[in-house]
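Residue-level structure breakdown
The primary structure of each chain is shown beneath.
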Amino acid sequence: MSRDQKFFDMYSLVIGVLVIFALAILVLAMKMSNLTQGVYTRDGAEYQVELADRIRPVGQVYRSGEEHASSAPTVETQSEPEPVATALSGPQVYNTACLACHGAGIGGAPILGDTAGWAGRIVQGPEMLKQHALQGFSGGTGYMPPKGGRMDLSDAEIEAAVDYMIGEAT
Ligand code: HEC
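Numbers given to residues run from 1 along each chain, matching the order in which its sequence is written. Restriction of local features to residues with pLDDT of at least 70 applies here, the model being predicted, together with a cutoff of 80 or more for giving and counting side-chain atom pairs; totals for whole chains, interfaces and linings are based on all residues. Side-chain calculation: all heavy atoms of the structure are included, whereas hydrogens and water are not.

Comments concerning helix α3 (residues 90-102)
Given 3.6 residues to a turn, an α-helix orients residues that are three or four positions apart in the same direction. Counted only if it meets this: Helix and strand assignments come from DSSP, with helices taken as H or I runs of at least 4 residues and strands as E runs of at least 2, each series counted from the N terminus. Given a helix with a known number of residues, its expected span is that number minus one, times 1.5 Å. The quantity called bend is, for any residue, the angle between two axes fitted respectively to the seven residues ending at it and the seven beginning at it. We call a residue buried when its accessible area falls under 20% of the maximum for its residue type, exposed when it is over 50%, and partly exposed in between, using a 1.4 Å probe and counting protein chains only. By definition in these notes, contact holds between two residues if any of their heavy atoms fall within 4.5 Å.
With 13 residues, α3 ought to run about 18 Å at 1.5 Å a step, yet its terminal C-alpha atoms sit only 14 Å apart, falling short of that. The largest bend in α3 amounts to roughly 55° and is located at Thr96. Taken as a whole, α3 has its buried residues at Gly90, Val93, Tyr94, Ala97, Cys98 and His102. Looking at the buried side of α3, the elements it contacts are α4 (115-122) and α6 (155-169).

Description of the coordination of the iron atom of the ligand
For the record, the criterion: Donor atoms: N, O and S within 2.8 Å of the metal, or within 3.2 Å for Na, K and Ca. Because water is excluded, sites can look incomplete. A site with four donors is called tetrahedral when every donor-metal-donor angle falls between 85 and 135 degrees; four donors are called square planar, and six octahedral, when opposite donors sit more than 155 degrees apart and all other angles fall between 65 and 115; any other arrangement is irregular.
Taken together, His102 (NE2) and Met144 (SD) make up the protein donors of the iron atom of the ligand, found 2.0 Å from the metal. For the iron atom of the ligand, the six donor atoms are set out with angles of 88 to 179° between them, so the coordination reads as octahedral. In this pair, His102 is assigned in helix α3 and Met144 in the loop between α5 (126-135) and α6, connecting sequence segments 42 residues apart.

A look at the packing of α4 against α6
The description of two helices packed together rests on the angle between their axes and the distance between the axes. We count it as follows: Throughout, an axis means a line fitted to C-alpha atoms (over the contacting stretch in the case of helices), and angles, computed between N-to-C directions, take values from 0 to 180 degrees. Note that the term roughly parallel is reserved for angles under 35 degrees, roughly antiparallel for angles over 145, roughly perpendicular for angles of 65 to 115, and oblique for everything else. Throughout, a crossing is termed right-handed when the near helix is turned clockwise from the far one, and left-handed when it is turned anticlockwise from it by less than a right angle.
Orientation of α4 relative to α6, taken along the N-to-C sense of each, is 125°, at an axis distance of 9 Å. It follows that α4 is oblique to α6 by the angle criterion. Here α4 runs over α6; the crossing is left-handed. Every residue of α6 that contacts α4 at Thr115, Trp118 and Ile122 is listed here: Met165, Ile166 and Ala169.

Looking at the environment of Pro91
By the element assignment, Pro91 lies in helix α3. Taking the C-alpha atoms as reference points, Pro91 and Val162, separated by 71 residues in sequence, lie 9.4 Å from one another.

Looking at the site of the ligand
The condition that has to hold: Whether a residue is near a molecule or strand depends on its heavy atoms: it is near if one of them lies within 4 Å of it. In protein, a polar contact requires one atom able to donate a hydrogen and another able to accept it; more generally it is a pair of N or O atoms within 3.5 Å, and residues adjacent in sequence count only if both atoms are side-chain atoms. When residues are grouped by polarity, Ala, Val, Leu, Ile, Met, Phe, Trp, Tyr, Cys and Pro land in nonpolar, Asp, Glu, Lys and Arg in charged, and all others, Gly among them, in polar.
Neighbouring residues of the ligand: 29 residues in total, closest Cys98, Cys101, His102, His132 and Met144. At 2.9 Å from an oxygen atom of the ligand is found a side-chain nitrogen or oxygen belonging to Gln124. The separation between an oxygen atom of the ligand and a polar main-chain atom of Gly139 is 2.6 Å. Within the residue set of the shell around the ligand, elements represented by two or more residues are α3, α4, α5 and α6. Among the residues forming the shell around the ligand, the class breakdown is 16 nonpolar, eleven polar and two charged.

This is how it looks when you write it as structure tokens:
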């Protein structure tokens, strides 16, 4: 046997042993992971409980008079804060968006508080008046632009202004 042949045989043997060794480690690792981590999965309830316990704050503060509820902190659910009402009231909307025309009757607009001028309109019912105020209206005396041209105001605000105008005319 030549020296080269001998070297090649040894070399193959070493590589073979290493491969077998690597496979053995792989199988062993898989076995181990089944043994140690098969108990709980990441989203399993058991895991979550353990996790909550592990990251629980070390200390707790009790104010005087407060009951020592339990050692485990309870997660308090905060109710959503009520949105602060920022909508304008009927008179506010009227003064900023409607007064220009309805104050003096510009362009044939029915004047605020003019009972006679509003009577024929109010008989249509508040819903129809609101629809006309929201979508615009041309009834023969002039042109009422949608929302009085104030598209930044909400439907509810315009409707509040209509309610206010109806109230002033009756
Ligand atoms: C550019 C002027 C103008 C502005 C601003 C304006 N209006 Fe008018 N509005 C009119 C005119 C003109 C009419 C009458 C249209 C007709 O009957 O031909 C009218 C009519 C109305 C009517 C009666 C509709 C009907 O069916 O008879 C309501 C309600 C009304 N406006 C609400 C409002 C409100 C609420 C605002 C403010 C958000 C407003 N208007 C702003 C010009 C205006």
